[in-house]
Amino acid sequence: MLDNLVIAIDLSEDGPRTIALVGVKEHVLKSRLFSRLFTGLRHFRRVSPDRRASYLRFFSRRYLKLREMISLARITHSINTVENLLHRYEPVVIIIDNKLNRYISYEPKILESAPKPKYMDNLVIIADNLANYFRLLLKDNPRKFREELRRFEK
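Read on for an overview of the structure.

All right, on to the nonpolar core then. If you look at the biggest cluster of nonpolar residues, it comprises 39 residues, and the most contacted ones within it are F34, L41, F59, Y63, I126, L130 and F134. At 12 residues, helix 5 (residues 118-140) tops the list of elements feeding residues into this core. Beyond its immediate sequence surroundings of up to four residues, F134 is in contact with T18, I75, F145, E148, L149 and F152. By size, the runner-up hydrophobic cluster in this structure holds 17 residues, among which are L11, L21, V82 and I94.

Turning our eyes to something else, we now look at the sheet that holds strand 2 (residues 18-25). Pairing is mixed in the open sheet, where 5 strands are placed in the order 3-2-1-4-5. One side of each edge strand has no neighbouring strand; the edge strands of this open sheet are strand 3 (72-76) and strand 5 (109-111). Across the sheet, the axes of successive neighbouring strands diverge by a mean angle of 15°, strand direction being ignored. When strand 4 (residues 93-96) meets strand 5, the two strands line up parallel, connected through 3 bridges. Counterpart to I96 in the pairing with strand 5 is L111. Along the sheet face, helix 4 (residues 79-89) touches strand 1 (5-12), strand 2, strand 3 and strand 4 and points at about 160° away from the line of strand 3.

Cut-off values and rules
Residues numbered from 1 in each chain as written. Predicted model: local features only at pLDDT ≥ 70, side-chain atom pairs only at ≥ 80, totals over all residues. Heavy atoms only, no water. Core = buried A, V, L, I, M, F, W, Y, C linked by side-chain atoms within 4.5 Å. Buried < 20%, exposed > 50% of the residue type's maximum accessible area, 1.4 Å probe, protein only. Helix = DSSP H or I, 4+ residues; strand = E, 2+ residues; numbered from the N terminus. Contact = heavy atoms within 4.5 Å. Pairing = 2+ DSSP bridges. Axes fitted to C-alpha atoms, helices over the stretch in contact; angles between N-to-C directions.

Right under this line is the structure:
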C-alpha cells in the first residue's frame, strides 16, 4: 500500500487488448516538476496518424524521465490482474477507462470521461500512451515488447 496513490487505468484494444495501470502519489502528481516533465504529451487519439511513430518515440523518452516520479506502472491483458493490483496498492481513487468500468469493482473511481482536475487528466494521458505504446509493440514487434516491459514497468 502506498499512501495517497492515484491510479489511472486505460484500455487499448485496436488489435491485442492491452491494459495500462499508472499510479502516482497525489502530491507528486500535483507538483510543478511533474507538470513540467509532462509538457508535450497528448492523448494518443489526438496525434495525427502520420505523426504517431515519431510521437511514440517522444513519449518513450519523456516517460523515462517521468518514471522516477511514478510509483506504479504495469501492463497487462487481464482484468483479474488489474483487480489484484488495486486491492494490493489500495489507491485513494482510480480513474478508469469507460470500457473497463463495469468489470472493475474497486471504489472510489472516476470515469475517464468525467470532469476531473487537470493533474488527474495528465495521469490518464500517461496511461493512455502506455497502453497504446505497448499494444502497438505487441502487434508489430513482440520481442521488443518484452524488452520494453522491463524498462517501463515499476
